[in-house]
Amino acid sequence: MTAREQLATRPRIQPRRAAAPPAPPPRRRPNHAAAVLVTPYVLLLLVGGIIPVGYAVVKSLQNESETGFGGLSSYARVTADFRFVETFTNVALVLCVWLPVMLTTVVILALLIDASSRRFGATMRFVYYLPGSLAGIANFMLWLFLLNPGQSPVDFLWDGFGYTSLNEVAQPDNLPFILAAMLFFQGAGTWIIVLCGGLNGIPDELLEAARVDGATARAVVWHVKLPMLRPWLGYMTLLNLAYGFQLFLEPQVLSQVTHGLISPQWTPNQLSFTYAYQILDTPAAAAMSVILLLVTLSLGLLVIHRSRLFQDER
Amino acid sequence: MLSPHLGRIGRTATLLLFAAVFGYPLLAYLAVAFRGGDGADSAVALGNAVATWQSILAFNDGTFLQWLTNSIIVASVGSVVAVVAALPAGYALARLRFRGRRLLRFLTLLTMVVPNTVLVIPIYLEVSAVGAVNNLWVVGLLMGFFPFGVYLAYIHFKTTLPTPIVESARLDGLTDVQTFFTIALPISKQAVALVGFFSFVANWTNFFLPMVLLPLSTSTTVSVGLQQLVSSSPLFDPTTAAGLDVRLYAPHLALATLVTTLPVLVVFVLAQRYLIRGQTLGAVKG
Amino acid sequence: MTGVRKRRVWAAAALAAACLLAGGCRAVEGAGTAQDATDSGGPITVWVDPPRVPAVNAFQKAFPHIPVEVNTINGNVGSTELQQKFVLFNQAGKGWPDAIFFPSNDDIAWATSSKINYARDLGVDLAEILAGYPASVIDQCRIDERFRCLRNDAAPDVFWYDQVLLDEWGYDPPTTWEEYEALSLRIAAEHPGHLTGFLGDAYAPDRYLWSSGCPTNDASSEKHVRIALSDERCVRVQQLLDRLLTAGALSPTGIFSPDAAALGRRLVMSPGAVWWGNFLFRDTWKVPPGRITAGKPLRWSTDATPMTGSEGGGLWGFSRHIKGTQLDNVLTFARFVAADPRWQVDLSVGLPGYKPLQKPWLAKQKQARYLADFDRAAEAFVFATTIVRPDRDYTRYNTGTVWTHTITPALTSDKPFAAAWRQFGERLTQEARSFGYTVQSS
């Protein structure tokens with residue numbers, strides 16, 4: 001069997017629970033090989049992850065003039081900021097709109113694709129992925145065009161709301177919905193691909209067995225496919241939850257094109273940015289980053305714990 | 001219960017409806033790129049895009065091409081570094097036992113789940129402390145830190161590399177490093193493609209890191225550059241363009257945006273067959 | 001075994017640090033005090049917003065032997081990117097532009113703050129130029145008794161109106177705020193669809209609050225400011241705006257908004273800066289010539305002397321970090337953009353802040369035959385430059401930005417003005433505090 005064939009067939013013929021091959025035999029010898037192999041990555045981990053976090057923690061404990069130890073004073077300054085709670089509320093609003101819509105739609109579409117013929121399903125999956133290639137600012141540019149009545153292809157929508165200008169569409173009360181729609185548009189396709197991959201991975205024998213047992217298509221979805229997707233859904237929820245806290249670009253540029261209609265400190269990240277570059281209070285900016293890090297880290301721990309991502313010999 | 005026939009029609013209709021939801025705005029946007037002048041009431045034509053493209057090039061003496069070049073440098077360096085670092089690390093994590101393995105695995109997961117934007121201000125503080133701001137290579141290197149890639153490689157080696165092969169290599173007297181290079185790496189095209197693809201897309205669309213670390217308009221990447229195009233467009237501020245010889249309207253913005261997405265699409269098409277076969281990805285499960 | 005591993009970790013850490021230091025990066029060069037001033041030997045770098053690009057082009061034509069590198073910057077009011085760059089330059093100890101046109105006037109506050117401290121004191125080098133400015137035009141550049149910027153154009157508010165329409169309808173242009181209110185209400189009732197003001201842009205507080213003397217930015221030092229929206233001079237303008245909004249006379253749109261173009265053509269009258277004539281009515285809103293003219297700034301009938309506000313009127317700043325030939329060239333550039341007719345008269349759309357050039361500029365404008373009653377407008381312009389209220393400073397916090405994200409969205413979604421006004425006041429104070437100002441609120 002060639003390597004490629006192994007690649008192509010191996011996961012399919014193995015039942016899921018046994019997908020992980022047996023653990024390597026425990027061998028206790030100084031492992032220079034491992035050290036060689038992980039060194040480049042460990043260096044990057046240090047430079048891109050650990051050192052900045054450590055540096056931020058140290059900075060955040062300095063006093064305002066950065067001349068000495070300031071204890072938790074910078075944390076006190078940011079949490080007392082009149083926008084602190086507001087920015088987290090804003091993010092929570094976006095997440096409340098975005099996550100449920102995202103989860104249900106992605107699951108339904110992935111199941112439908114899985115049930116379709118290969119060719120049609122693959123085409124649909126590709127179409128759904130297309131907006132994903134417009135991630136970030138490119139997606140935002142597209143949305144600027146969608147949001148601007150008069151030139152928008154969804155002008156009928158804005159007509160329905162009675163909006164005639166960008167400022168009416170993009171008013172702060174609508175922002176959670178707009179951002180949720182933007183995030184959905186750019187993110188759904190990628191997750192559909194991921195879920196389709198998960199559904200593909202369900203062993204044929206299992207589906208065959210269910211069918212032989214006389215299970216209806218609906219029962220197969222309910223009792224076989226959805227349980228298989230569940231860990232993915234947990235992972236996706238938490239990852240997207242964490243993602244929500246880093247929102248920056250969209251509200252920032254939207255504020256710019258609406259001439260300040262949206263507060264320049266709409267999300268926690270923007271507030272952190274304001275402290276770093278406008279107020280010029282580096283310890284406070286660092287403190288804000290550390291707070292955001294703690295929030296997302298705890299979400300991350302939850303992901304790792306709940307979905308057992310690195311399933312192991314344990 | 002619906003008849004299978006009706007079910008199929010409903011399914012196809014739903015899928016097509018969503019294809020319209022995702023596809024229609026893209027098509028409409030594509031059409032704008034091929035309108036002429038300020039895009040208000042002009043027909044769609046290929047010739048328009050040529051003229052529009054020339055105006056984009058003329059903007060600030062061709063700075064758009066500079067942005068594209070910068071993006072390509074940064075994103076390529078980033079994904080090469082990511083692949084070079086992730087594959088051996090993923091292999092070691094999956095196949096070797098060493099001290100600190102659990103810690104490394106845990107930190108990888110953690111940094112993978114934390115959105116990198118959260119780290120940007122700390123990274124900026126770090127980089128400016130050593131005076132390395134405004135350096136494309138530093139940005140590329142930082143983008144090479146891609147824990148998700150390590151995770152993908154880990155899953156790959158865990159699920160697709162048969163233990164007997166590794167064991168027989170050991171019996172043949174190969175060291176672990178040799179085993180990685182001679183046995184594991186050659187059958188890991190898929191992992192290389194996945195890590196490369198995901199990191200390239202992440203780097204290409206990264207906005208915050210270049211914005212903070214590449215502050216000059218000539219040294220920045222196209223994701224930040226697009227935002228500068230927006231703020232130089234009379235579309236959102238009719239007074240802005242008063243002193244500009246190059247006026248950017250909706251067709252210019254649309255064309256510029258679409259051009260910036262081409263590399264991502266190309267990489268997607270190249271990597272697509274590895275993406276959807278669903279092995280490595282499908283195996284990522286609890 | 002442990003030892004090996006530990007050594008490896010340390011080696012890795014050291015390598016990481018070495019990578020960062022050596023990878024083509026520069027070491028820190030000090031915080032950039034004026035003692036480190038450098039001399040390029042001639043070439044200068046200039047940062048301007050798009051409308052000021054012609055100024056640089058004219059300079060290059062006039063002084064071809066001075067090499068100029070131009071960088072166009074984002075002209076949006078309240079944008080944070082510029083300041084971010086200066087923070088980075090201070091850290092790197094290099095990179096500052098030699099001359100800059102600040103896109104927002106508030107930028108001068110951080111550019112002269114003790115942390116960034118970019119703008120040089122022009123008091124000695126450019127004394128002869130400074131002497132040419134009317135006191136009330138250059139007042140905002142006098143920071144702690146030092147002159148740290150030059151005005152590009154004087155931008156006092158005058159009173160703009162459509163003479164043709166007012167004549168047709170048989171109204172006299174108002175001269176006081178009280179008359180403005182009364183006439184606005186009449187126009188709103190008798191000619192619905194017509195407007196008498198815009199309220200949604202970052203300059204609106206300058207137009208209405210500054211001219212009334214409402215203390216929003218009354219800074220006595222870098223750390224102390226007076227914000228007192230309960231002041232009678234705030235209350236009177238708030239109530240006036242409230243009544244006009246209720247009557248539908250004012251638009252919640254901002255003057256720079258793309259939809260203002262259509263509305264601008266239905267603007268019957270409004271207080272507005274001198275540059276409104278060319279920049280808005282003529283170039284952006286495309287109002288036909290011969291209709292628009294300007295009268296003297298509105299005054300409050302209860303005030304002893306007439307006073308007005310100022311919208312923008314750009315500021316030039318120059319680097320503290322240069323010396324020698326480079327500095328000489330920058331000062332040449334400074335004299336050119338502030339006081340050379342080849343820019344200020346021939347090209348600039350705004351009334352020169354530099355007094356000796358105002359007459360030639362006005363003469364040139366007269367030939368353009370755009371304004372209806374030119375002499376009346378010209379007289380109003382010159383008079384207005386002398387009566388700009390002085391107790392309004394440019395501050396680290398941006399009053400216009402606070403206005404656009406409190407008042408503007410409220411008006412856009414038809415929420416009551418009074419509540420929005422309260423929110424504006426609260427956020428303004430909080431914002432000032434977050435910048436480290438001690439706020440005096442009475």
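Looking at an unreviewed UniProt entry, chain C carries the name ABC transporter substrate-binding protein, with the source organism given as Catellatospora coxensis.

If you check an unreviewed UniProt entry, chain B appears there as Sugar ABC transporter permease from Catellatospora coxensis. In UniProt, chain B has this text filed under Subcellular location (unreviewed entry): "Cell membrane".

**Structural notes on the overall build of chain C**
Secondary structure summary: chain C contains 18 helices and 15 strands in total. Out of the 442 residues belonging to chain C, those deemed buried represent 53%.

**Re the interface of chain A and chain B**
On the side of chain B, 86 residues touch chain A, which itself brings 96 residues to the contact. Broken down by element, the side of chain A that touches chain B gets its largest block of residues, 19 residues, from helix α2 (residues 32–60) of chain A. Here the side of chain A that touches chain B is composed, by residue class, of 67 nonpolar, 24 polar and five charged.

**Quick word on helix α9 (residues 176–184) of chain B**
Quick reminder: α-helices carry 3.6 residues per turn. Residues three or four places apart thus point the same way. Of all the residues in α9(B), the buried ones are B:Asp176, B:Thr179, B:Phe180, B:Ile183 and B:Ala184. Viewed end-on, α9(B) has its buried residues packed into an arc of 110°, placing them on one side of the element. Packing partners of the buried residues in α9(B) comprise α2 of chain A together with α3 (63–95), α7 (147–160) and α8 (163–171) of chain B.

**Points about the environment of A:Met228**
Residue and element names in this part refer to chain A. Inspection of the secondary structure assignment puts methionine 228 in helix α11 (residues 217–244). Taking the C-alpha atoms as reference points, methionine 228 and leucine 195, 33 residues apart in sequence, are found 9.7 Å from one another. Other than its neighbours up to four places away in sequence, methionine 228 contacts Gly198 and Ile202.

**Observations regarding the packing of α3(B) against α7(B)**
All names here are of chain B. It is the contact of α3 with α7, at a shortest axis distance of 7 Å, that shows an interaxial angle of 45°. Taken together, the axis directions place α3 and α7 in an arrangement best described as oblique. Our pair here, α3 against α7, has a crossing hand that is right-handed. Along its contact with α3, which presents Ala82, Ala86, Leu87, Ala89, Gly90, Tyr91, Leu93, Ala94 and Arg95, the element α7 presents Gly149, Val150, Ala153, Tyr154, His156, Phe157 and Lys158. Within the contact of α3 with α7, the residues separate by chemical class into 11 nonpolar, three polar and two charged.

**Overview of the confidence of the model for chain B**
Low pLDDT means the predicted atomic positions in that stretch should not be read closely. On average, residues of chain B score 82 in pLDDT, and 90% of them are at 70 or above. Low confidence marks residues 278–286 of chain B, where pLDDT is under 50. Its contacts with residues over four positions away, or in another chain, come to 35 contacts.

**Some words on the packing of α2(A) against α9(B)**
When two helices pack together, you describe them by how their axes are tilted relative to each other and by the distance separating the axes. With their axes 7 Å apart at the nearest point, α2(A) and α9(B) run at an angle of 50° to one another. When the axes of α2(A) and α9(B) are compared, the pair comes out oblique. Contacts between α2(A) and α9(B) involve A:Ala33, A:Ala34, A:Val36 and A:Leu37 from the first element and B:Asp176, B:Val177 and B:Phe180 from the second. Its residues assigned to classes, the contact of α2(A) with α9(B) shows six nonpolar, no polar and one charged.

**Remarks on the domain arrangement of chain C**
Residue and element names in this part refer to chain C. Domains assigned within chain C are domain 1 (34–154 + 312–353) and domain 2 (157–310 + 391–440). Computed over C-alpha atoms only, the centres of domain 1 and domain 2 are separated by 28 Å. With 18 residues of domain 1 in contact, the opposing surface of domain 2 contributes 16 residues. Put simply, the parts of the chain that give the side of domain 1 that touches domain 2 at least two residues each are α4 (107–111) and β7 (153–154). With three residues, α4 is the largest single contributor of residues to the side of domain 1 that touches domain 2. The class makeup of the residues in the side of domain 1 that touches domain 2 is seven nonpolar, nine polar and two charged.

**Remarks on the UniProt feature "transmembrane region" (unreviewed entry) in chain B**
Residues and elements named next belong to chain B. The UniProt record marks residues 12–32, 72–94, 106–125, 137–155, 191–213 and 249–271 with the feature "transmembrane region" (unreviewed entry), using the residue numbering of this structure. Segment residues 12–32 splits into 100% helix and 0% strand. End C-alpha atoms: 29 Å apart. Summarising residues 249–271: 96% helix, 0% strand, and an end-to-end C-alpha distance of 34 Å.

**Details of the nonpolar core**
Buried together is how nonpolar side chains tend to be arranged in soluble globular proteins. Counting residues in each nonpolar core, the largest one holds 319 residues, and the members touching the most others are A:Ile192, A:Leu195, B:Ala86, B:Ala89, B:Ala153, C:Trp316 and C:Ala334. When residues of this core are assigned to domains, at least three fall in each of domain 1 (34–154 + 312–353) and domain 2 (157–310 + 391–440) of chain C. Discounting chain neighbours no more than four positions away, the residues touching B:Ala153 are B:Ala86, B:Leu87, B:Ala89, B:Gly90, B:Tyr91, B:Ala191 and B:Val195.

**Quick word on the sheet that holds strand β6 (residues 150–151) of chain C**
Residues and elements named next belong to chain C. Reading across from one edge, β2-β1-β3-β13-β6 is the order of the five strands in this open sheet, with mixed pairing throughout. For this open sheet the edge positions go to β2 (68–72) and β6, each flanked by a neighbour on one side alone. In terms of strand pairing, strand β1 (residues 44–48) meets strand β3 (residues 99–102) through two bridges, oriented parallel. Its bridge partner being in β3, tryptophan 47 is matched across the sheet by isoleucine 100. Contacts from helix α2 (residues 53–62) reach β1 and β2 within the one sheet, and its direction differs from that of β2 by about 175°.

**Some thoughts on the sheet that holds strand β15 (residues 438–440) of chain C**
Residues and elements named next belong to chain C. The mixed open sheet is built from three strands, whose spatial order is β9-β10-β15. The open sheet has two free edges, formed respectively by β9 (218–221) and β15, since each of these has just one partner strand. Here the average twist between neighbouring strands, direction ignored, is 25°. Direction of pairing for β9 relative to strand β10 (residues 224–226): antiparallel, over a ladder of three bridges.

**So, the confidence of the model for chain C**
Residues and elements named next belong to chain C. Predicted confidence across chain C gives a mean pLDDT of 87, with 90% of residues reaching 70 or more. Here helix α1 (residues 2–22) stands out as the least confident element of chain C, with mean pLDDT 38; strand β8 (residues 157–162) is the most confident, with 97. ipTM for the predicted complex: 0.84, alongside a pTM of 0.85.

**A word on the pairing of β1(C)**
Residues and elements named next belong to chain C. Burial analysis of β1 places five of its five residues in the buried class, which makes it a mostly covered element. Side chains Ile44, Val46 and Val48 project from β1 onto one buried face, and the interleaved Thr45 and Trp47 project onto a second face that is buried too. With α2 bridging β1 and its parallel neighbour β2, the resulting β-α-β unit is right-handed.

**Considering the environment of A:Tyr163**
Residue and element names in this part refer to chain A. Mapped onto the elements, tyrosine 163 comes out in the loop between α7 (155–161) and α8 (166–169). Note on tyrosine 163: 20 C-beta atoms within 10 Å, which makes it buried. Sequence-wise, tyrosine 163 and cysteine 196 are 33 residues apart; in three dimensions their C-alpha atoms are separated by 38 Å. Setting aside residues no more than four positions away along its own chain, tyrosine 163 makes contact with Pro149, Trp158, Glu168 and Val169.

What counts and how
- Residues numbered from 1 in each chain as written.
- Chains lettered and ligands numbered in written order.
- Predicted model: local features only at pLDDT ≥ 70, side-chain atom pairs only at ≥ 80, totals over all residues.
- UniProt positions renumbered as here; feature names shortened; annotations may be inferred.
- Helix = DSSP H or I, 4+ residues; strand = E, 2+ residues; numbered from the N terminus.
- Buried ≥ 20, exposed ≤ 12 C-beta atoms within 10 Å, placed from the backbone.
- Contact = placed C-beta atoms within 7 Å.
- Nonpolar A, V, L, I, M, F, W, Y, C, P; charged D, E, K, R; others polar.
- Arc of directions from axis to C-beta.
- Axes fitted to C-alpha atoms, helices over the stretch in contact; angles between N-to-C directions.
- Parallel < 35°, antiparallel > 145°, perpendicular 65-115°, else oblique.
- Left-handed = near helix turned anticlockwise from the far one by under 90°.
- pLDDT = per-residue confidence, 0-100.
- Domains from an automatic or database assignment.
- Core = buried A, V, L, I, M, F, W, Y, C linked by C-beta atoms within 7 Å.
- Pairing = 2+ DSSP bridges.
- Right-handed = clockwise from strand over helix to strand, strands pointing away.

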